[in-house]
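So the chains spell out like this:
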Amino acid sequence: MRVDRDVEILNGPIGAGKTRTIFTKLILRAAAQKPSTRDGVRKFKVCVVHANYRQLWRSTLPSWWKLMPRDAGEFTGAENAPAKHVVDFVLPDGSLVRFQIDFIAIGENAAEDVMRGYEPTAFFLNECDLLAEDVYTFARGRVGRYPDMSEGGPSWYGVVADCNAPELNAWLYQRVFLDKPADADDPDAERFSQYGVLLRQPSALSPEAENIPNLPPGYYAKQRRGQPRWYIARMIENKPGYSRAGKPIYPEFNDQLHVADHILQPIPGLALKIGLDAGGTPAACFGQRMPNGQWRIYRELTTEAKSVTGALRFADMIAKCLHENFEGITEIQAWADPSAAYGADKHAGEASWIEIVSARAALRVDPAPTNQQLPRWEAVRRPLTMLIDAGVPALLLSPACPVLREGFNSGYRFRKLAGVDTERYSTEVDKNEYSHPHDSLQYLLSAGGEDIEIRGRAAAQEQDLASRIRDAQHDWNPLG
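Residues numbered from 1 in each chain as written. Predicted model: local features only at pLDDT ≥ 70, side-chain atom pairs only at ≥ 80, totals over all residues. Heavy atoms only, no water.

(A) Structural detail: helix α1 (residues 18-31). The end-to-end C-alpha distance of α1 is 20 Å, a good match for the 20 Å that 14 residues give at a rise of 1.5 Å each. Of all the positions in α1, only Lys18, Thr19, Ile22, Phe23, Lys25, Leu26, Ile27, Arg29 and Ala30 are classed as buried. (Helix = DSSP H or I, 4+ residues; strand = E, 2+ residues; numbered from the N terminus. Expected span 1.5 Å × (residues − 1). Buried < 20%, exposed > 50% of the residue type's maximum accessible area, 1.4 Å probe, protein only.)

Okay, structure coming up:
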């Protein structure tokens, strides 16, 4: 409430009072506006922008009416459509405040189409983690237009916003949460950047949690109950992370457990293992298996989905990655999609994809044990479900692998069936920018030893079953 900037972003858990706080501050800002030189009225107009009208009417407007009753002043607007509320109130000094608040939603429209023509004092970007960056861009360009300069103009104008912890790949996290301070000498330097002031509330589970007296007893304990870890982290603990929208291939993945908190470095003396996915958009990943059995995945190579990357160019990318990140590693093992060993016309002197990459990158590449989907998924799922020691996962991903990480969390998923209202999914992978690097990871782990472990376990299960069948057999006929 004390911060005075032209852009202010309030981030916090669900139920932490963000929206109510901003509405209150906007009313106080209206009361602080200088009187119009024309009629002496303090004029303030704010435009509230939400992602969709359904949530706007279900949550935002009820929050506003708790502070400013619907029957106060003049409220106009049909449900699930734009709305406007104009309220006049008198201050102790006798001056009149005319407060206008408009409510709109972007929906499926472009931000420019919806916001063009608006000339408010301020914009309130409600739940801005759900809005496109263009909304923020156009909002900053249109504030400060009311009251008109012929009446003296506004004494304050700007953009205010609230949000839950955003996803790591969202513009809000990349542009605002990670942005560096604009001025190291500024008293708000740790939170003020070119994008504005970022004010972050503490975790709702911490002793410093805010707004607790205004919530029912045990509110957050009940909110946590039965919820997945990613939801608790983002919505309750207020930690930026990944959404788990859709149906991920690996629900066993835990971002807090399976991702290292620092960039992992290769261990000299251990073999470097590489998995390769062929095709027009090839991918690769690089890792090592520790003496304790833990897999560490250090780097990923991805290519543009909208263009074709040939075997020669991809081999050059592999060689460059090895030179820049794995200098000094002498033992290297690489495996690729088995189908990449075929398809070449040997009689015409053509080389296969594997042969081209091997020759160009000066690297021996062997076919992986299988390209069947289920065994490859199991090769990754097995270490995901194991712990080496307490709190030590059998698979650890470096933060230097953002595409693999996002794929684990939500991008590498089952394809949703078209035209189905309920949440039903195909047994096939949704082919996208995450599927190729994940295929390369599957080839790496299956060829690196997980396939042997899986087959050994299957053989042991078969032997156990056969043994139990033999033990259950009798040398007499119960039917005589």
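Once you've had a look at it, read on.
(B) Highlighting the packing of helix α9 (residues 311-325) against helix α10 (residues 353-361). The interhelical angle for the contact between α9 and α10, taken along N-to-C directions, is 45°, at an axis separation of 8 Å. Classified by the angle between their axes, α9 and α10 sit oblique to one another. At the point where α9 passes α10, the crossing takes the right-handed sense. Contact residues: Ala311, Leu312, Phe314, Ala315, Asp316 and Ile318 in α9; Trp353, Ile356, Val357, Arg360 and Ala361 in α10. For the contact of α9 with α10, the class distribution of residues is nine nonpolar, no polar and two charged. (Axes fitted to C-alpha atoms, helices over the stretch in contact; angles between N-to-C directions. Parallel < 35°, antiparallel > 145°, perpendicular 65-115°, else oblique. Left-handed = near helix turned anticlockwise from the far one by under 90°. Contact = heavy atoms within 4.5 Å. Nonpolar A, V, L, I, M, F, W, Y, C, P; charged D, E, K, R; others polar.)

(C) The side chain of Asp255, seen in detail. Here Asp255 lies in helix α8 (residues 255-258). Side chain to side chain, Asp255 and Asn409 meet in a polar contact 2.9 Å long. The contact partners of Asp255, leaving out residues within four places of it in the chain, are Tyr242, Arg405 and Asn409. (Polar contact = N/O pair within 3.5 Å; in protein donor to acceptor, adjacent residues only side chain to side chain.)

(D) Molecular detail of the environment of Thr281. With respect to the helices and strands, the residue Thr281 is situated in the loop between β10 (272-277) and β11 (283-289). In sequence terms Thr281 and Lys306 are 25 residues apart; their C-alpha atoms lie 8.4 Å from each other. With residues up to four places along the chain from it excluded, the contact list for Thr281 reads Thr303, Glu304, Ala305, Ser307 and His436.

(E) Quick look at the pairing of strand β6 (residues 122-125). Burial along β6 is two-sided: the residues Ala122 and Phe124 and Phe123 and Leu125 are all buried. Two strands pair when backbone bridges link them, and strand β2 (residues 42-50) and β6 are joined in this way by four bridges, in the parallel orientation. What sits directly across from Cys47, in β6, is Phe123. Relative to strand β7 (residues 158-163), β6 is paired through four bridges, and the arrangement is parallel. Across the sheet, Phe123 pairs through a bridge with Val159, a residue of β7. As a crossover connection, the stretch from β6 through helix α4 (residues 133-142) into β7 is right-handed. (Pairing = 2+ DSSP bridges. Right-handed = clockwise from strand over helix to strand, strands pointing away.)

(F) Spotlight on the packing of aromatic side chains. Overall, the coordinates contain 19 aromatic pairs when judged by the stated rule. Judged by centre distance (6.2 Å) and plane angle (70°), the ring pair of Trp57 and Trp65 falls under edge-to-face. An aromatic cluster is defined as three or more aromatic residues linked by ring pairs; in this entry it consists of Phe23, Phe44, Trp64, Phe99, Phe124 and Trp156. Across from the ring centre of Trp156, 3.8 Å away, lies the NZ or CZ of Arg29, which sits over that ring. Positioned over the ring face of Tyr146 is Lys45, at 4.5 Å from the centre of the ring. (Phe/Tyr/Trp six-rings, centres within 6.5 Å; stacked < 30°, edge-to-face > 60°. Lys NZ or Arg CZ within 6 Å of the ring centre and 35° of its normal.)

(G) Up close: the pattern of salt bridges. Counted under the stated rule, the structure contains 22 salt bridges. A salt bridge links Arg175 to Glu133; the nearest nitrogen and oxygen atoms lie 3.2 Å apart. In this pair, Arg175 is assigned in helix α5 (residues 171-177) and Glu133 in helix α4, connecting sequence segments 42 residues apart. Take Arg175: its relative accessible area is 35%, and that puts it in the partly exposed class. The salt bridge involving Arg360 is made with Asp316; its shortest N-O contact spans 2.9 Å. Of the two residues, Arg360 sits in helix α10 while Asp316 sits in helix α9, which places them 44 residues apart along the sequence. By relative accessible area, which is 45% here, Arg360 ends up partly exposed. Given a relative accessible area of 35%, Asp316 falls into the partly exposed group. (Salt bridge = Lys/Arg side-chain N within 4 Å of Asp/Glu carboxyl O.)

(H) Expanded view of the sheet that holds strand β13 (residues 332-336). Strand order across the open sheet formed by six strands is β14-β13-β10-β11-β12-β17, with mixed pairing between neighbours. Each having just a single partner strand, β14 (365-367) and β17 (395-397) make up the two edges of the open sheet. Across the sheet, the mean angle separating the axes of adjacent strands is 30° when strand polarity is ignored. With six bridges joining them, β11 and strand β12 (residues 295-301) adopt antiparallel strand pairing. Opposite Arg289, over in β12, you have Trp295 as the bridge partner. The strands that α10 touches are β10, β13 and β14; relative to β14, the one it contacts most, it runs at about 160°.

(I) Expanded view of unusual backbone geometry. Tyr146 connects to Pro147 through a cis peptide bond whose omega is -5°. Mapped onto the secondary structure, Pro147 falls in the loop between α4 and β7. Even without glycine at this site, Asn238 takes up a positive phi of about 60°. One can find Asn238 in the loop between α7 (229-236) and α8. According to the relative accessible area criterion, Asn238 is buried, its value standing at 4%.

(J) Quick look at the packing of α1 against helix α2 (residues 53-67). The geometry of α1 relative to α2 is characterised by a closest axis approach of 10 Å and an angle of 50° between their N-to-C directions. With respect to α2, the element α1 is oriented oblique. The chirality of how α1 crosses α2 is right-handed. Contact residues: α1 offers Thr19, Arg20, Phe23, Thr24 and Ile27, while α2 offers Thr60, Ser63, Trp64, Lys66 and Leu67. Across the contact of α1 with α2, the residue classes break down as four nonpolar, four polar and two charged.

(K) The arrangement of the side chain of Glu450 in detail. Relative to the assigned elements, Glu450 resides in helix α13 (residues 435-472). The exposure class assigned to Glu450 is buried, which follows from its relative accessible area of 1%. Within the local environment of Glu450, its side chain forms a polar contact with the side chain of Arg289, the two groups lying 3.1 Å apart. Only 3.0 Å separates the side chain of Glu450 from the side chain of Trp295, close enough to count as a polar contact. Ignoring anything within four residues of it in the chain, the contact list for Glu450 reads Arg289, Trp295, Ala379, Arg382, Pro383 and Leu445.

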